[in-house]
Amino acid sequence: MAQGRAEAYGRIAGRVAVVTGAGDGIGKGVARRFAAEGAKVLVAEIDGESGEATVRELAEEFGADARFVRTDVTDRRQVENMVATAVETWGRIDILVNNAWGSTGAVGRVENKTDEQLDRGFAMGYYGPYWAMRAAFPHMKAQGWGRVVNMCSLNGVNAHMGTLEYNSAKEALRALTRTAAREWAPTGVVVNAVCPGAKSAAFRRRMAANPELSTAADRSNPMGRIGDPEEDIAPVVLFLSSEDARYLTGNTLFVDGGSHINGVVWLPDLDAS
Ligand SMILES: NC(=O)c1ccc[n+]([C@@H]2O[C@H](COP(=O)([O-])OP(=O)(O)OC[C@H]3O[C@@H](n4cnc5c(N)ncnc54)[C@H](O)[C@@H]3O)[C@@H](O)[C@H]2O)c1
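Residues numbered from 1 in each chain as written. Predicted model: local features only at pLDDT ≥ 70, side-chain atom pairs only at ≥ 80, totals over all residues. Heavy atoms only, no water.

Q: Honestly, the overall build of the protein chain in this entry has me stumped. Any pointers?
A: Regarding its fold elements, the protein chain presents 10 helices and 7 strands. Its C-alpha radius of gyration of 18 Å places the protein chain within 12% of the 19 Å reference for a compact globule of 273 residues. Taken along the three principal axes of its C-alpha coordinates, the protein chain extends 55 × 40 × 35 Å. Considering the protein chain, the positive charge centre built from 30 side chains and the negative charge centre built from 34 side chains are found 4 Å apart. (Helix = DSSP H or I, 4+ residues; strand = E, 2+ residues; numbered from the N terminus. Rg over C-alpha atoms; globule rule 2.2 N^0.38 Å. Lys, Arg positive; Asp, Glu negative; His and termini not counted. Charge placed at Lys NZ, Arg CZ, Asp CG, Glu CD.)

Dropping the structure here:
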């Protein structure tokens with residue numbers, strides 16, 4: 001992506017961005033796009049190998065100043081350390097993208113979920129982003145400038161079957177997004193949510209387990225395809241992270257080729273048993 005070099009763009013040049021789950025999928029796409037735009041990028045990822053690989057890519061392909069910090073977003077101290085690392089390294093934190101998500105166990109009906117699944121879902125999808133926002137806000141407020149983008153999901157909005165802990169944590173995160181947006185509006189810190197639809201690693205894994213759904217998913221999308229993390233999702237996250245979004249806060253943007261309009265193909269209905 002030669003045209004992605006920092007000198008060619010620069011809409012967030014010099015900004016310090018933290019992206020969680022940037023070792024793969026949408027997070028990696030966002031990190032690459034941010035690097036192409038001249039940002040300094042902290043790749044916060046639970047998986048050391050993919051996190052380090054992303055940093056190497058950002059440096060080699062875009063000449064970016066990028067670092068890796070191993071972060072499990074379900075651990076408060078690691079999340080606080082993530083924010084502290086950005087501030088210690090570059091003296092500020094301008095952009096926070098709460099994107100990480102990992103497995104919470106089996107798909108299943110509401111009545112069969114375990115407390116452990118719910119706890120894990122909320123730790124990953126709600127508390128992790130909350131801890132990061134709480135730690136980042138004082139720095140953003142002092143600068144009078146900050147951007148938070150929280151990755152949420154149509155699964156929660158449309159209450160797809162089988163993924164209670166995911167749906168609930170993501171909808172709680174949207175409530176946090178709006179509450180923080182309202183409270184922080186006078187400070188120059190804007191907070192928005194994105195509900196993406198992208199062929200990330202997680203999406204491909206899910207479709208590999210349900211091959212009949214892969215074609216159906218593409219067909220059900222109004223644009224006839226599920227998006228690309230870097231080319232379709234990241235540009236919108238970039239916009240929300242730029243000066244252009246200074247009067248936009250508390251919103252949810254569905255970046256999904258229009259599939260939220262009439263709903264999407266999802267896992268088959270669960271057994272009633
Ligand atoms: N792909 C889609 O179509 C889609 C749809 C709706 C919402 N989302 C949301 O977008 C975000 C990214 O999804 P994706 O599809 O790119 O996923 P992905 O699985 O491709 O990437 C997720 C990344 O997060 C990392 N991760 C997992 N657990 C972590 C933890 N505890 N701490 C830190 N990092 C961790 C993984 O190692 C991986 O690199 C998620 O929040 C997901 O819920 C994606």
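Q: Before we go on, may I ask you to explain the packing of aromatic side chains in this structure?
A: Between two aromatic rings, the relevant description is the distance of the centres plus the angle of the planes. Considering all chains together, one arrives at 5 aromatic pairs under this definition. With 4.8 Å between their ring centres and 75 degrees between their planes, Trp101 and Tyr166 make a pair best called edge-to-face. One end of the pair, Trp101, is in the loop between strand S4 (95–98) and helix H4 (115–143); the other, Tyr166, is in helix H6 (residues 164–184), with 65 residues separating them in the sequence. Grouped by ring-pair contacts, the aromatic residues Tyr126, Tyr127, Tyr130 and Trp131 constitute a single cluster. Looking at Arg15, its charged tip hangs above the ring of Trp145, at a distance of 3.5 Å from the centre. Of note, Arg147 hangs over the ring of Trp145, and the distance from its end group to the ring centre comes to 4.0 Å. (Phe/Tyr/Trp six-rings, centres within 6.5 Å; stacked < 30°, edge-to-face > 60°. Lys NZ or Arg CZ within 6 Å of the ring centre and 35° of its normal.)

Q: Help me understand the packing of H4 against H6 in this model?
A: The relative placement of two packed helices comes down to the angle between their axes together with the axis-to-axis distance. Across the interface, H4 lies against H6 with an axial gap of 7 Å and an inter-helix angle of 20 degrees. With respect to H6, the axis of H4 lies roughly parallel. The way H4 lies across H6 gives a crossing that is right-handed. Touching Gln117, Leu118, Gly121, Phe122, Gly125, Tyr126, Pro129, Tyr130, Met133 and Phe137 of H4 are Leu164, Glu165, Ser168, Ala169, Ala172, Leu173, Leu176, Ala180 and Trp184, all from H6. Of the residues assigned to the contact of H4 with H6, the class counts are 14 nonpolar, 4 polar and 1 charged. (Axes fitted to C-alpha atoms, helices over the stretch in contact; angles between N-to-C directions. Parallel < 35°, antiparallel > 145°, perpendicular 65-115°, else oblique. Left-handed = near helix turned anticlockwise from the far one by under 90°. Contact = heavy atoms within 4.5 Å. Nonpolar A, V, L, I, M, F, W, Y, C, P; charged D, E, K, R; others polar.)

Q: What am I meant to see in the site of the ligand here?
A: Taken together, 27 residues surround the ligand, and among them Glu45, Asn99, Tyr166, Lys170 and Ser200 come closest. One nitrogen or oxygen atom from the main chain of Ile46 is found 3.4 Å from a nitrogen atom belonging to the ligand. The contact in question runs from an oxygen atom of the ligand to an N or O atom on the side chain of Lys170, over 2.7 Å. In the complex, 90% of the free accessible area of the ligand, which totals 830 Å², lies under the protein chains. Looking at the shell around the ligand, the elements that each hand over two or more residues are helix H1 (25–36), H6 and helix H7 (201–209). The element that contributes the greatest number of residues to the shell around the ligand is H7, accounting for 3 residues. Per-class residue counts for the shell around the ligand are 13 nonpolar, 9 polar and 5 charged. (Near = heavy atom within 4 Å. Polar contact = N/O pair within 3.5 Å; in protein donor to acceptor, adjacent residues only side chain to side chain. Areas by Shrake-Rupley, 256 points an atom, 1.4 Å probe, with all protein chains shown as cover.)

Q: Would you mind showing me how to read unusual backbone geometry here?
A: Most of the time, phi is negative for any residue but glycine, and the peptide bond is trans. You will see that Ala159, though not glycine, has its phi angle at about 50 degrees, which is positive. Its relative accessible area of 55% is what places Ala159 among the exposed residues. (Buried < 20%, exposed > 50% of the residue type's maximum accessible area, 1.4 Å probe, protein only.)

Q: Looking at this structure, how should I read the sheet that holds strand S5 (residues 146–151)?
A: By way of backbone hydrogen bonds, the strands of a sheet pair with one another, either parallel or antiparallel. Read across the open sheet, the 7 strands follow the order S3-S2-S1-S4-S5-S6-S7; overall the sheet is parallel. On the outer flanks of this sheet lie strand S3 (66–70) and strand S7 (252–255), each paired with one strand and no other. Strand-to-strand twist across the sheet, computed as the mean angle between neighbouring axes with direction ignored, equals 20 degrees. Bridge analysis of S4 against S5 gives 4 bridges, and the strand direction is parallel. What sits directly across from Asn98, in S5, is Asn150. On top of the sheet, helix H3 (residues 76–90) reaches strand S1 (16–20), strand S2 (40–45), S3 and S4; it is set at about 160 degrees to S2, its chief contact. (Pairing = 2+ DSSP bridges.)

Q: Sorry, what's going on with the nonpolar core here?
A: A general trend in soluble globular proteins is that nonpolar side chains are found buried together. The biggest cluster of nonpolar side chains holds 34 residues, and the ones touching the most others in it are Val18, Met82, Leu96, Met133 and Val191. At the level of secondary structure, the elements contributing two or more residues to this core comprise S1, S2, H3, H4, H6 and strand S6 (189–196). Among the elements that take part in this core, H4 stands out by supplying 8 residues, more than any other. Val191 has contacts with Met133, Val148, Asn150, Thr177, Ala180, Ala181, Trp184, Thr249, Gly250 and Asn251, leaving out every residue within four places of it along the chain. In this structure, Ala17, Ala22, Ala36 and Ala39 belong to the second largest nonpolar core, which totals 31 residues. (Core = buried A, V, L, I, M, F, W, Y, C linked by side-chain atoms within 4.5 Å.)

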